[in-house]
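Take a look at the letters that make up each chain.
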Amino acid sequence: MLIRILGSAAGGGFPQLNCACPMCASVRAGRPGFSGRTQTSIAASADGKSWVLLNASPDLREQFAATPALAPDVGKGLRNSPLVSVVLTNGDVDALAGLLSLREGIAFDLHAAPPVLDTLKANSVFNVLNPAFVRRRALSFGAPFSVAPGLTVEAFTVPGKTALYLESDAPDFGTREGDTIGLTITETNTGKAFHFVPSCAKVDAALASRLRGAQLVLFDGTLYTDDEMIAQGLSQKTGRRMGHMPMSGAAGSIAALADLGIISKVFVHINNSNTVLDANGPERRAVEKAGWQVAHDGMEITL
Ligand code: MLT
Ligand code: MN
Ligand code: ZN
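Here the structure is a predicted model, which means the values were calculated and not measured.

## So, the sheet that holds strand β12 (residues 264-268)
So, step 1. Read across the open sheet, the 7 strands follow the order β7-β8-β9-β10-β11-β12-β13; overall the sheet is mixed. A single partner strand is all that each edge strand has here, and the edge strands are β7 (145-148) and β13 (292-294). The sheet shows a mean angle of 25° between the axes of neighbouring strands, taken without regard to direction.
So, step 2. Pairing of β7 with strand β8 (residues 151-157), which is carried by 3 bridges, proceeds in the antiparallel orientation. Across the sheet, the residue bridging to Phe 145 is Val 153, located in β8.

## Details of the side chain of Thr 184
So, step 1. Looking at the element boundaries, Thr 184 is found in strand β9 (residues 181-187).
So, step 2. A polar contact is formed between the side chain of Thr 184 and the side chain of His 195, at a distance of 2.9 Å.
So, step 3. Side chain to side chain, Thr 184 and Arg 210 meet in a polar contact 3.3 Å long.
So, step 4. Excluding residues that lie within four positions of it along the chain, Thr 184 makes contacts with Thr 152, Val 153, Glu 154, Phe 156, Ala 193, Phe 194, His 195 and Arg 210.

## Quick notes on the site of ligand 1
So, step 1. Residues in contact with ligand 1, as listed here, are Asp 92, Asp 94, Met 242, His 244 and His 269.
So, step 2. Side-chain polar atom of Asp 94 to an oxygen atom of ligand 1: 2.9 Å apart, as the coordinates give it.
So, step 3. Here an oxygen atom of ligand 1 sits 3.2 Å away from a polar atom, N or O, in the side chain of His 269.
So, step 4. When the free accessible area of ligand 1 is taken as 270 Å², the share hidden by the protein chains comes to 75%.
So, step 5. When atom positions are compared with the pocket grids, ligand 1 is found to occupy the largest pocket.
So, step 6. The residue inventory of the shell around ligand 1, partitioned by class, reads 1 nonpolar, 2 polar and 2 charged.

Parameters and conventions
Residues numbered from 1 in each chain as written. Chains lettered and ligands numbered in written order. Predicted model: local features only at pLDDT ≥ 70, side-chain atom pairs only at ≥ 80, totals over all residues. Heavy atoms only, no water. Pairing = 2+ DSSP bridges. Helix = DSSP H or I, 4+ residues; strand = E, 2+ residues; numbered from the N terminus. Axes fitted to C-alpha atoms, helices over the stretch in contact; angles between N-to-C directions. Polar contact = N/O pair within 3.5 Å; in protein donor to acceptor, adjacent residues only side chain to side chain. Contact = heavy atoms within 4.5 Å. Near = heavy atom within 4 Å. Areas by Shrake-Rupley, 256 points an atom, 1.4 Å probe, with all protein chains shown as cover. 1 Å grid on protein atoms, 1.4 Å probe; cavity = no way out; pocket = protein on both sides within 12 Å on 5 of 7 lines; lining within 4 Å. Sits in = over half its atoms within 2 Å of the grid points. Nonpolar A, V, L, I, M, F, W, Y, C, P; charged D, E, K, R; others polar.

Below, the structure written as structure tokens:
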């Protein structure tokens, strides 16, 4: 199975367009150790010809342009694309705004949980996706469904919250079942699989048992410490308030996934405040020492 990390940053990207923090400034200045990152989207394929896209980041047009495998085939007529399906894990802007860049008549299946499909339905701008080409499908939980030749996806709910722009005064901000999901992508003829969990508030027993023994996990790497956005003067919110668990600490993802026998662990959806983005910094060394990789745009993984 071929996996391409088209984008690896959290919402806002790296640098974020209005952020003058030292790390975003370092990317703009081209300082060693600082590489720009677009917002998280992943592509996977069994045959290198048909691809499924996991989340449609606002940077999708640029991500396709940077990925030769996703280019149209000049031998197949004037308009074609190797994209055959898109699966969404949540309704955040950074997970779905790129759908608007897929409005040019590509035929694909769009799989999402009911709350996210409701959001697409409620926002008429997404009607630009002609239903004659784009088939919206309510994904089912607990049963794999086909997304591309030789590839299935199984969806599972994970602890999280509703999208920022949907938060209400209701308990838990009006979060519904299926607002945040993870995906298991399996190559049917080899059984090779990876898990994609770009947003996660907590590793509960169900999630730990699903991830146990995995070949590859691409996991929420939004923040290094829960209060880093407050400490850096960027925001008043903790990671927990945003529905993301930090990497570090006793309640962090590094500790939660440490003893599950996972072969490869890669952080994706990394926020511009996260100091692991400094490739020469102590936090990067700490996560690598703990057996994790920090994803970068253009990263290629073959399972
Ligand atoms: C998140 O991952 O918490 C969201 O992308 C935040 C946002 O919508 O800006
Ligand atoms: Mn996000
Ligand atoms: Zn910044």
